[in-house]
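Each chain is listed here by its residues.
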Amino acid sequence: MSDRHTSKFTSREYNVYLWPLVAVWAFDRLLRLLRLLYCNLRASLDKSVSRAPFATVRYSAATDVIRIHIQSSSLPLKPGPGQYYYLYQPFALKGWENHPFSLGAYSTQQEASSRAQPRIDEASSKEMTTTAAAATGVISSSESSSSLSDAAGADVPNDFVFWVRPYDGWTRRLRDQCLKSTDSESSIEPSLLIEGPYGHSKPLHTFDTVVLIAGGTGIAAAAPYMIDHQARCSSTNPSYRTRTTKIKLVWAVKQAAFLRDVCNNELATALQREDTQCALFATSGAAGARGDGGDGEDGAEEEGAMAAGEGFEIHHGRPDVAAIVAETAREAMEGGARTAVFVCGPAGMVDETRAAVHAEMKKGCRLISYVEECFGW
């Protein structure tokens, strides 16, 4: 009986079905290898070959996040929202190992030269007890003093930023390399290769109002849509315009330091627009959420500055997602604005947002749409 079962394999009767699968796998590997070479090595007509992109990796113990910044003026890539890239460290112990990471932020050469100044300092964050009113509140920002270059223009994108939470495997080894660095900022400059882009963009620019709800490093999925909105607003290309007139960002993360880091750098310009509002939440202890270190009197002065648009409050606690969605649906019904609720974060936050949008749709709000981005390793 045993020989009858194994004879099917020893006689190679099924090999004809196996080789097509091997051929498809080999073809896929070949295409990825060619794409990897195309993304990192550019040969010009004078037979000169450009160098691989320059990478800086920094780990912050305060945020528990690895920031990967890849910069090159020769990358033939057009970044945008909804994209992810595979990253390689070819000269590491496991150089063949690669992982996909969502593109958190990007810029062009022209934008990099006109990046806005930081707006949130260590003294501008205050601990606040989360209430329904605080959870649904948003703080308007001042008008932007600079804008992105036209995304349809000829500028070559040269900045790619990824935010990575270190776990096991390559990300943990990358974190350990940063911690062993003698640099004061725990940063290193490894040789990294980039492959992509993969993924696709959601048409959020076709909605009147967009609400972006992010949890933790889920901001990597939301931030590119804010950058894209800014580029579309400043574009003179009629086919690259946006219908969106209002964006709300609701972002919850454990460490307040991560909020300040991203808002002071990659989102500094986008958050200064009059059509952009935000509500920031630090879910860790009071010590992590409080950044002023002052007394109540100093806090009152800072609140006045923030009301004038000089900074943003960081609420201590978790956002009331159901209340935020309910308020969004009410505004959509009153103003007749097509609204998209975009969410990327932990499973609990995604489930809560989905249930809240579904509840508003059952109440008769047909102007609200739900958009979900997968969050995970």
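A short tour of the structure in this document, coming up. Since the model is a prediction, treat every value here as computed from it, not as a measurement. (Residues numbered from 1 in each chain as written. Predicted model: local features only at pLDDT ≥ 70, side-chain atom pairs only at ≥ 80, totals over all residues. Heavy atoms only, no water.)

### Concerning the overall build of the protein chain
Along its length, the protein chain carries eleven helices and 15 strands. Taking all 377 residues of the protein chain together, the buried fraction comes to 48%. Of the contacts made within the protein chain by residues no fewer than 6 positions apart, 81% connect residues no fewer than 24 positions apart. Summing over all exposed atoms, the protein chain offers an accessible surface of approximately 19,000 Å²; the carbon and sulfur share of this is 54%. (Helix = DSSP H or I, 4+ residues; strand = E, 2+ residues; numbered from the N terminus. Buried < 20%, exposed > 50% of the residue type's maximum accessible area, 1.4 Å probe, protein only. Contact = heavy atoms within 4.5 Å. Areas by Shrake-Rupley, 256 points an atom, 1.4 Å probe, with all protein chains shown as cover.)

### Examining a nonpolar patch on the surface
Together, Phe27, Leu30, Leu31, Leu33, Leu34, Leu37 and Leu41 make up a nonpolar patch on the protein surface, roughly 650 Å² of accessible area in all. The residue leucine 31 is located in helix α2 (residues 15-40) in this model. On the basis of relative accessibility, which here comes to 42%, the residue leucine 31 falls in the partly exposed class. (Patch = residues over 30% accessible without salt bridge, like charges linked within 9 Å, V, L, I, M, F, W, Y side chains within 5 Å. Salt bridge = Lys/Arg side-chain N within 4 Å of Asp/Glu carboxyl O.)

### Thoughts on the pairing of strand β3 (residues 83-88)
Taking burial as the measure, the six residues of β3 include five buried ones, the bulk of the element. Bridging between β3 and strand β9 (residues 193-199) involves five bridges; their strand directions are antiparallel. Considered in β9, the bridge of tyrosine 86 is made with glutamate 195. Two strands pair when backbone bridges link them, and β3 and strand β4 (residues 98-102) are joined in this way by five bridges, in the antiparallel orientation. If you follow tyrosine 85 over to β4, its bridge partner there is phenylalanine 101. (Pairing = 2+ DSSP bridges.)

### A few points about the pairing of strand β10 (residues 209-215)
Across the seven residues of β10, seven count as buried, placing the element largely inside the fold. Of the two faces of β10, the one lined by Thr209, Val211, Ile213 and Gly215 and the one lined by Val210, Leu212 and Ala214 are each fully buried. As paired strands, β10 and strand β11 (residues 246-253) are joined by seven bridges and run parallel to one another. Across the sheet, residue isoleucine 213 finds its bridge partner in β11, namely valine 250. At this point the chain moves from β10, through helix α6 (residues 219-234), to the parallel β11, and the crossover so formed is right-handed. In this sheet, strand β14 (residues 339-344) lies alongside β10 in parallel orientation, the contact comprising six bridges. Within β14, the residue paired with alanine 214 across the bridge is cysteine 344. (Right-handed = clockwise from strand over helix to strand, strands pointing away.)

### Description of empty space enclosed by the protein
Tallied over the full model, the rule gives two cavities of 30 Å³ or more. Within this model, the largest cavity holds a volume of roughly 40 Å³. Where the lining of the largest cavity is concerned, the elements lending two or more residues are β1 (54-60), β2 (65-71) and α7 (256-264). Tallied by class, the residues present in the lining of the largest cavity amount to three nonpolar, two polar and three charged. (1 Å grid on protein atoms, 1.4 Å probe; cavity = no way out; pocket = protein on both sides within 12 Å on 5 of 7 lines; lining within 4 Å. Points joined across faces, edges and corners; volume = space filled by probe spheres on them. Nonpolar A, V, L, I, M, F, W, Y, C, P; charged D, E, K, R; others polar.)

### Thoughts on helix α11 (residues 347-362)
The end-to-end C-alpha separation of α11 is 22 Å, in line with the 22 Å expected for 16 residues at 1.5 Å each. Within the sequence span of α11, burial applies to Met349, Val350, Thr353, Ala356, Val357 and Glu360. Projected down its long axis, α11 carries its buried residues within an arc of 130°, all on one side. Away from its buried face, by an angle of more than 90 degrees, α11 presents the exposed residues Ala347 and Lys362. Its buried side turned inward, α11 meets β10, β11, α10 (321-335), β14 and β15 (368-372). Just downstream of α11, glycine 364 is the residue with a positive phi angle, here 115°. (Expected span 1.5 Å × (residues − 1). Arc of directions from axis to C-beta.)

### As for the sheet that holds β3
Strands sit in the order β4-β3-β9 across an open sheet of three strands; the sheet is antiparallel. What marks the edges here is a single partner per strand, and that holds for β4 and β9. Between one strand axis and the next, the sheet turns through 30° on average, direction left out of account. Sheet strands in contact with α2 are β3, β4 and β9, and its direction is about 115° off that of β9. (Axes fitted to C-alpha atoms, helices over the stretch in contact; angles between N-to-C directions.)

### Side note on the pattern of salt bridges
Per the counting criterion, the structure on display carries 17 salt bridges. The shortest N-O distance in the salt bridge between glutamate 331 and lysine 246 comes to 3.4 Å. In this pair, glutamate 331 sits in helix α10 while lysine 246 sits in strand β11, placing the two residues 85 residues apart along the sequence. A relative accessible area of 26% places glutamate 331 in the partly exposed class. Classification of lysine 246 by relative accessible area gives partly exposed; the value is 24%. Ionic pairing is found between lysine 363 and glutamate 360, a salt bridge with its closest N-O pair at 3.5 Å.

### Examining α6
For an α-helix, the turn length of 3.6 residues means that residues three or four places apart are oriented alike. Compared with the 22 Å implied by 1.5 Å per residue over 16 residues, the 23 Å span of α6 between its first and last C-alpha is a close match. The buried fraction of α6 is high, at 14 of 16 residues.

### Some words on the packing of α10 against α11
Where α10 meets α11, the axes come as close as 9 Å, and the angle between the chain directions of the two elements is 35°. Note that α10 runs across α11; the crossing there is right-handed. Residues Val321, Ala322, Val325, Ala326 and Ala329 of α10 lie in contact with α11, whose contacting residues are Glu352, Thr353, Ala356, Val357 and Glu360. In terms of residue class, the contact of α10 with α11 is built from seven nonpolar, one polar and two charged. (Left-handed = near helix turned anticlockwise from the far one by under 90°.)

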